[in-house]
Amino acid sequence: MASEQPPIDGVAAAAAAAVAAGGDEPFLGLLDIALLAVLIGGAAFYFLRSRKKEEEPARSYSIQPTTVSTTTATDNSFIKKLKTSGRSLVVFYGSQTGTGEEFAGRLAKEGIRYRLKGMVADPEECDMEELLQLKDIENSLAVFCLATYGEGDPTDNAMEFYEWITNGDVDLTGLNYAVFGLGNKTYEHYNKVAIYVDKRLEELGANRVFELGLGDDDANIEDDFITWKDRFWPAVCDHFGIEGSGEEVLIRQYRLLEQPDVQPDRIYSGEIARLHSMQNQRPPFDAKNPFLAPIRVNRELHKGGGRSCMHIELNIEGSKMRYDAGDHVAMYPINDKSLVEKLGQLCKADLDTVFSLINTDTDSSKKHPFPCPTTYRTALTHYLEITAIPRTHILKELAEYCTDESEKQMLRSMASLTPEGKEKYQSWIQDACRNVVHILEDIKSCKPPLDHVCELLPRLQPRYYSISSSAKLHPTDVHVTAVLVEYKTPTGRVNKGVATTYLKHKQPKDGAEEVKVPVFIRKSQFRLPTKPETPIIMVGPGTGLAPFRGFIQERQHLRDEGKTVGESVLYFGCRKRSEDYIYEAELEEWAKKGTLTLKTAFSRDQAKKIYVQHLLEQDADLIWDVIGEKKGHFYICGDAKNMAVDVRNILTKILSTKGNMSEADAVQYLKKMEAQKRYSADVWS
């Protein structure tokens, strides 16, 4: 909190009082006092204004240290940083989950091997018009690691850059560039952003140094990246006429500083950015400043079958957060305490040691990989993704801490580009679902220092859930529908989902202290039609029902107010009516009231499995009537890999047969529906 300051006019009042008390011939005349008051007032105003400027946090993607940041508004000049530090490589990232940023960091770090000193940059924090000046730096190169997000959109931090090159007509002649895209083939718009940026930069006159790389997260994006990278560097060397320095040298990006004497109130204990933000909550609430929402309800939705699905109600009263049906709520989870303890034991570390990791690159805006100073226990619990499948660069660095030569070679092999190494990585790491704890358990001679493990692991990301309520009915509550993730791996271990395991144990009890979780709202394009009378079709098997529960709540609310509402058709599917038919009573009640036309598929309630796809094929006339004749809206929520692809194909077939279109025209019709926001998908893989 800013400290309270005395009013400026109090200075003048004090001076006047001094005159009154001083007798007939004061030391200072009235004019002198007036001038003095102006001078003091001006000095005080300057002091206050400068203090206010210091107290305003600099706009920065990274977590700043607890001391006052020296970052100023002029620091968004990446050209200045490149020139003053003798660099020529800048790697920009567009990242929603941290992978794009991680890949950018690896490329910038490797540049040293090829006499290209590099830096990582967040386009949101840079003046991207400076790309026009990059050609003035000898052997300069801009690389873009860009993820595609949502319905073919750029990530939040790359949005301004994307719009700038889309709408602008700048001359980028002389700019050397390369692009690597991060996408997922199960989604309709696979790597759309990277493909467009690669093409657009060339159209604006820039020079492509190496071909576009496309990473597929549905397969093995790590393999896609290292394969592309292995061919990228020789092409860069050839273009600039430089030679690599040979063998890769492993360099630490951060140095360890143990801080046993730091005052307890200066140590981060799980805050995302601002110290004490969890204790002193103040809006606006967002990804860097989440709201601690009390859990009002946490109940089981499944009636049997051995699996678990939770209905959770979060109270957001007083947060000033608003949401619409179809939006997402994001939650910051914490890692399982037993895994944290196990990792500490494997690395022979005292988890309560207070430390900071400080970037060895003093020009970087990212001073720490996560909020520092903190303890190892806090870092592993709140800040690091310890259950993620490690990428190959982590294995390469862990290998250096093996005392057994065969184990060292095994890790090195899995981090290599050899067919045998790739195969081993696929089977031993990916297929076996081994995380860093499992690797250290099984590679017994590997004893890395815990600070290096903390440097290598990616940041723990918030988990997003489709909101399953309508703000028209529940303005101060957000409902979440989540299946508990738990599965047995080929090694016999039981892996648990970080967020759903965390939520499962968050049970509110009468008379007990409130149970809270840090959350924020993310707006979505998944929206009901603006006109309530527009008919809609919703396809949402399993927890894909979540946003549609909010949609139907809203339409029922409108009907209760006497408004005209169009037909609402829901296709819902699950395994068994008696086990996992979630929200059964609500859905049946809405159907009885005439608000909902309900179509259900219980795949295992008969000998031959029936899915929502089968019901859609049977209802070709109904579907054509809604979307073809009445220009209604069509929504899909759920599994991207199989269900969503099948549904889109069935829809194309229905448009073709019932609308008398060719297959190509049917595909175009669907694309037109997407452009008009009449076809929307909220899917995951």
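Note that this is a predicted model, so its numbers are computed, not measured.

### Some remarks on the environment of Tyr425
Phase 1 of the analysis: Relative to the helices and strands, Tyr425 is located in helix α12 (residues 419-431).
Phase 2 of the analysis: Separated by 10 residues in the primary sequence, Tyr425 and Ala415 have C-alpha atoms spaced 7.5 Å apart.
Phase 3 of the analysis: Among all residues touching Tyr425, those that are not within four sequence positions of it are Asn220, Glu222, Ile389, Pro390, Arg391, Thr392, Leu395, Met414 and Gln430.

### Some points on the layout of surface pockets
Phase 1 of the analysis: Taken as a whole, the second largest pocket encloses approximately 280 Å³ of empty space.
Phase 2 of the analysis: As for the second largest pocket, its lining consists of 15 residues, of which Met278, Leu292, His382, Tyr502 and Pro518 are closest to the centre.
Phase 3 of the analysis: Across the lining of the second largest pocket, the residue classes break down as eight nonpolar, four polar and three charged.

### Re the UniProt feature "binding site: NADP(+)" (unreviewed entry) in the protein chain
Phase 1 of the analysis: Under the local residue numbering, the UniProt record ascribes the feature "binding site: NADP(+)" (unreviewed entry) to Arg307, Thr543, Ser603, Arg604, Lys609, Ile610, Tyr611, Val612, Gln613 and Asp646. Taken from the residues named earlier, the lining of the second largest cavity is made up of Arg307.
Phase 2 of the analysis: Tracing the backbone shows Tyr611 in the loop between β21 (597-602) and α19 (612-618).
Phase 3 of the analysis: When residues no more than four places from it in sequence are discounted, the contact partners of Tyr611 are Ala601 and Ser603.
Phase 4 of the analysis: Position of Val612 among the secondary structure elements: in helix α19.
Phase 5 of the analysis: When its relative accessible area of 3% is taken as the criterion, Val612 is described as buried.

### Description of empty space enclosed by the protein
Phase 1 of the analysis: For the structure on display, the rule yields two cavities of 30 Å³ or more.
Phase 2 of the analysis: As a volume, the largest cavity reaches approximately 50 Å³.
Phase 3 of the analysis: Lining the largest cavity are Ile312, Leu314, Val329, Ala330, Met331, Tyr465, Val480 and Leu503.
Phase 4 of the analysis: It is strand β11 (residues 328-331) that contributes the most residues to the lining of the largest cavity, three residues altogether.
Phase 5 of the analysis: For the lining of the largest cavity, a count of residues per class yields eight nonpolar, no polar and no charged.
Phase 6 of the analysis: Considering only enclosed or pocket space, the second largest cavity measures out at about 30 Å³ in volume.

### Quick notes on the packing of helix α5 (residues 159-167) against helix α6 (residues 192-203)
Phase 1 of the analysis: For the pair α5 and α6, the least separation of the axes is 11 Å and the interaxial angle reads 45 degrees. As far as their axial angle goes, α6 and α5 are oblique. Handedness of the crossing formed by α5 with α6: left-handed. Listed contacts from α6 to Phe161, Tyr162, Ile165 and Thr166 of α5 are Val193, Tyr196, Val197 and Arg200.
Phase 2 of the analysis: Here the contact of α5 with α6 is composed, by residue class, of six nonpolar, one polar and one charged.

### Some details on the packing of helix α20 (residues 620-629) against helix α21 (residues 643-658)
Phase 1 of the analysis: Where α20 contacts α21, the two axes come as close as 10 Å, and the packing angle between them is 85 degrees. Taken as axis vectors, α20 and α21 run roughly perpendicular relative to one another. Residues Ala620, Asp621, Ile623, Trp624 and Ile627 of α20 pack against Leu651, Ile654, Leu655 and Lys658 of α21.
Phase 2 of the analysis: Residues belonging to the contact of α20 with α21 are distributed by class as follows: seven nonpolar, no polar and two charged.

### Topic: the confidence of the model for the protein chain
Phase 1 of the analysis: Taken over all residues, the pLDDT of the protein chain has a mean of 89, while the share at 70 or more is 88%.
Phase 2 of the analysis: Across residues 1-36 the pLDDT falls below 50, and counting only partners more than four positions away or on other chains, this stretch makes 16 contacts in the model.
Phase 3 of the analysis: Contacts for the low-pLDDT stretch residues 43-74, under 50 throughout, to residues beyond four places or in other chains number 45 contacts.

The rules behind these values
- Residues numbered from 1 in each chain as written.
- Predicted model: local features only at pLDDT ≥ 70, side-chain atom pairs only at ≥ 80, totals over all residues.
- Heavy atoms only, no water.
- Helix = DSSP H or I, 4+ residues; strand = E, 2+ residues; numbered from the N terminus.
- Contact = heavy atoms within 4.5 Å.
- 1 Å grid on protein atoms, 1.4 Å probe; cavity = no way out; pocket = protein on both sides within 12 Å on 5 of 7 lines; lining within 4 Å.
- Points joined across faces, edges and corners; volume = space filled by probe spheres on them.
- Nonpolar A, V, L, I, M, F, W, Y, C, P; charged D, E, K, R; others polar.
- UniProt positions renumbered as here; feature names shortened; annotations may be inferred.
- Buried < 20%, exposed > 50% of the residue type's maximum accessible area, 1.4 Å probe, protein only.
- Axes fitted to C-alpha atoms, helices over the stretch in contact; angles between N-to-C directions.
- Parallel < 35°, antiparallel > 145°, perpendicular 65-115°, else oblique.
- Left-handed = near helix turned anticlockwise from the far one by under 90°.
- pLDDT = per-residue confidence, 0-100.

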